[in-house]
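# Observations on the model geometry
Letter by letter, the chains look like this.
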Amino acid sequence: MKRLRLCFSELGVDALLVSHLPNIQYLCGFSGSAAFLLIDSSESTLFTDSRYTFQAREEVVGAHVNIARKGLLAAVSEALKAPRGRTHVAYSAGKLTVAQMDLLRGASGSRVRWRNDGNVVEKLRTVKDPRELSIMQDAATLVSKAFSEVLSKIRPGHSELEVAAEIDYRMKRLGASNASFDTIVASGLRSAWAHARPTSKKLRARELVVLDHGAILGGYCSDMTRTVFLGRAPQKVRRAYGAVLEAQQVAKNFIRPGRKAEAIDLEARRVLKQHGLAQYFTHSTGHGLGLEVHEMPRLAKGESTILQEGMVITVEPGVYLDGCWGIRIEDDVVVTATGSVDLTSAPRELLEL
Ligand SMILES: [Mn+2]
């Protein structure tokens, strides 16, 4: 919150209304499902409802707690009306509905001028402190371990849904509070769908299987993808797999503080181009990771964010051949003073099961 207040003058505001729950958790520790956090230059107030009275008392640090009786936004508006000379308030355009904004504007009146917050909290969140990095290392280790435990279930005859359920179960047995997104298990032709949902389709011999899964541990997400072959992989698959792995390694090696996020994406594409596969790489190379599974920055064309020490990002090149198969390899890495270090520990070479 101290670092956030230093941004107020640049934003030209006296206060910030935080409406995105992960931002609220980041700033004051509250992990409930209904809240707003109002931060002005000297104090902060968390607005939540009576379901969270005890939880807020336990979790919230550095903010007063206001248990709203007649709706959170009514309580927020009331606070904005208080005669404190508050005039310019930043809000998160992407994280408030039009209806909520109308209500706030109507109730707070013309004395409050609203300004876009420019994702100021999301930007602070990109750089993780040592405590966050330690949790994220554990979350990445957990998902690597769950994957190794589930290998015996990735066999012909088991359905995608069964394998996905097994992954989720293993992650929870290892201490995850939840999966960080719906686990992806996509086999055969369906592996070409970059974000397929698992189905009742049974795995068959001589198929590729893409497994993309992540765990939430201590509030922080991990995200990992492995692609395995059921049986002995044909030459074509081996070559494509080798190209994706090379693209991933080269991209990782290119990561260092001071480089633009888009440069890493370009590097992965350059390698796949050398192998004649660039046209099949149809998504961005990676994304920030933290309290949310997709955060700033994206490793993508046009993303000018400068990488900094302490950022955690995924590196996940892939190739998808419509009607044939898909391959993706994804690891979580942390940007260090001189380069990057893997958080994900599961082996990366092609597994033939
Ligand atoms: Mn990912």
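To be clear, the structure that these remarks concern was listed above.
To keep things clear, this report deals only with the structure shown in the data block.

Procedures and definitions
- Residues numbered from 1 in each chain as written.
- Predicted model: local features only at pLDDT ≥ 70, side-chain atom pairs only at ≥ 80, totals over all residues.
- Heavy atoms only, no water.
- Disulfide = S-S within 2.5 Å.
- Pairing = 2+ DSSP bridges.
- Helix = DSSP H or I, 4+ residues; strand = E, 2+ residues; numbered from the N terminus.
- Contact = heavy atoms within 4.5 Å.
- Axes fitted to C-alpha atoms, helices over the stretch in contact; angles between N-to-C directions.
- Buried < 20%, exposed > 50% of the residue type's maximum accessible area, 1.4 Å probe, protein only.
- Left-handed = near helix turned anticlockwise from the far one by under 90°.

Applying the stated rule across the entire model yields zero disulfides. For the unlinked cysteine cysteine 28, the closest cysteine sulfur is that of cysteine 7, found at 17 Å. Lacking any disulfide linkage, cysteine 221 is separated from the closest cysteine sulfur, that of cysteine 28, by 18 Å.

This part covers the sheet that holds strand 8 (residues 184-187). Here we have four strands laid out as an open sheet, ordered 8-9-12-20, and mixed in their pairing. Two strands close off the open sheet at either side, each with one partner strand: strand 8 and strand 20 (351-352). Judged from the two bridges that link them, strand 12 (residues 224-229) and strand 20 form a sheet pairing that is parallel. For valine 228, the partnering residue across the bridge sits in strand 20 and is leucine 351. Contacting strand 8 and strand 9 (208-213), helix 9 (residues 160-173) runs over the sheet at an angle of about 150° to strand 8.

Bringing unusual backbone geometry into the picture now. Glycine aside, negative phi is the norm for most residues, and most peptide bonds take the trans geometry. Residue proline 297 is bonded to the preceding methionine 296 through a cis peptide linkage, with omega at -5°. On the secondary structure map, proline 297 appears in strand 14 (residues 295-299). A positive phi angle, near 55°, is found at asparagine 119, a position not held by glycine. On the secondary structure map, asparagine 119 appears in the loop between strand 6 (113-116) and helix 7 (120-126). For asparagine 119, a relative accessible area of 36% translates into the label partly exposed. Although it is not a glycine, arginine 206 sits at a positive phi angle of roughly 60°.

Now for helix 3 (residues 21-28). Counting buried residues in helix 3 gives six out of eight residues, a clear majority hidden from the surface. Immediately downstream of helix 3, the backbone of glycine 29 shows phi near 90°, a positive value.

Moving on, we come to the packing of helix 5 (residues 72-81) against helix 6 (residues 98-108). Contact geometry for helix 5 and helix 6: axes closest at 9 Å, N-to-C directions at 35°. As helix 5 packs across helix 6, the resulting crossing turns out to be right-handed. Packed against helix 5, whose contacting residues are Leu73, Val76, Ser77, Leu80 and Lys81, the element helix 6 presents Gln100, Leu103, Leu104, Ala107 and Ser108 at the interface.

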